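# Descriptive structure summary
Listed here are the chains, written in short residue letters.
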Amino acid sequence: MDVEVDLYSGRPNPRFRLDPATGTELLRRLAGLDPAPAPDTRPEPLGYRGLRVEPGSAGAPIAEVVITGGAVLVRERGGRELWLVDRGRELERWLVGQAGAGLDAGVLGVLREELS
């Protein structure tokens, strides 16, 4: 699975890869989140906006997962969208913690500050 940090406008965003065991753990954690109503639309701020996860396998039912500000959007390959609650941004914090050496120290600093 690939994770994109939605951080920049006008240039490529940083990315890191999850190993298969961590990808499985992410799916387990997603399954434990409670459903939520779709949030109100709001303008996207400059700077960090969240994380996008691409499962990568064409056979996987999930096409994309977007994690931002306590909300999780799961987009299925069939077109269905499911919103979940990320209480205390725990899933978002955990996923950032999995980046390890996959992200530049400056980017990790921005993420840790945003999530503190």
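Quick summary incoming for the structure in this document.

The rules we used
Residues numbered from 1 in each chain as written. Predicted model: local features only at pLDDT ≥ 70, side-chain atom pairs only at ≥ 80, totals over all residues. Heavy atoms only, no water. Salt bridge = Lys/Arg side-chain N within 4 Å of Asp/Glu carboxyl O. Helix = DSSP H or I, 4+ residues; strand = E, 2+ residues; numbered from the N terminus. Buried < 20%, exposed > 50% of the residue type's maximum accessible area, 1.4 Å probe, protein only. Pairing = 2+ DSSP bridges. Expected span 1.5 Å × (residues − 1). Arc of directions from axis to C-beta. Contact = heavy atoms within 4.5 Å.

### Some remarks on the pattern of salt bridges
- One pass over the full model with this rule turns up 14 salt bridges.
- Glu25 is the salt-bridge partner of Arg29, the closest N and O atoms lying 2.9 Å from each other. You can see Arg29 and its partner Glu25 sitting in helix 1 (residues 20-31), four residues apart, about one turn around the helix.
- Taking the shortest distance from any N to any O, the salt bridge between Glu64 and Arg75 comes out at 2.5 Å.

### A closer look at the pairing of strand 4 (residues 62-68)
- Of all seven residues making up strand 4, five are buried, and the element is well covered by its neighbours.
- The pairing of strand 4 with strand 5 (residues 71-76) spans six bridges and is classified as antiparallel. Along strand 5, the bridge assignment pairs Ile62 with Glu76.
- The hairpin formed by strand 4 and strand 5 contains two residues between the paired strands, and Gly69 there has a positive phi angle of roughly 50 degrees.

### A closer look at helix 1
- Helix length check: helix 1, at twelve residues, gives a terminal C-alpha distance of 17 Å against a target of 16 Å (1.5 Å per residue), a fit within 8%.
- Buried residues of helix 1: Thr22, Gly23, Leu26 and Leu30, and no others. Buried residues along helix 1 cover an arc of 105 degrees about the axis, so they all sit on one side. Every exposed residue of helix 1 that faces more than 90 degrees away from the buried side is listed here: Pro20, Ala21, Thr24, Arg28 and Ala31.
- The inward-facing, buried residues of helix 1 abut strand 3 (50-54), strand 4, strand 5, strand 6 (81-85) and helix 2 (90-97).

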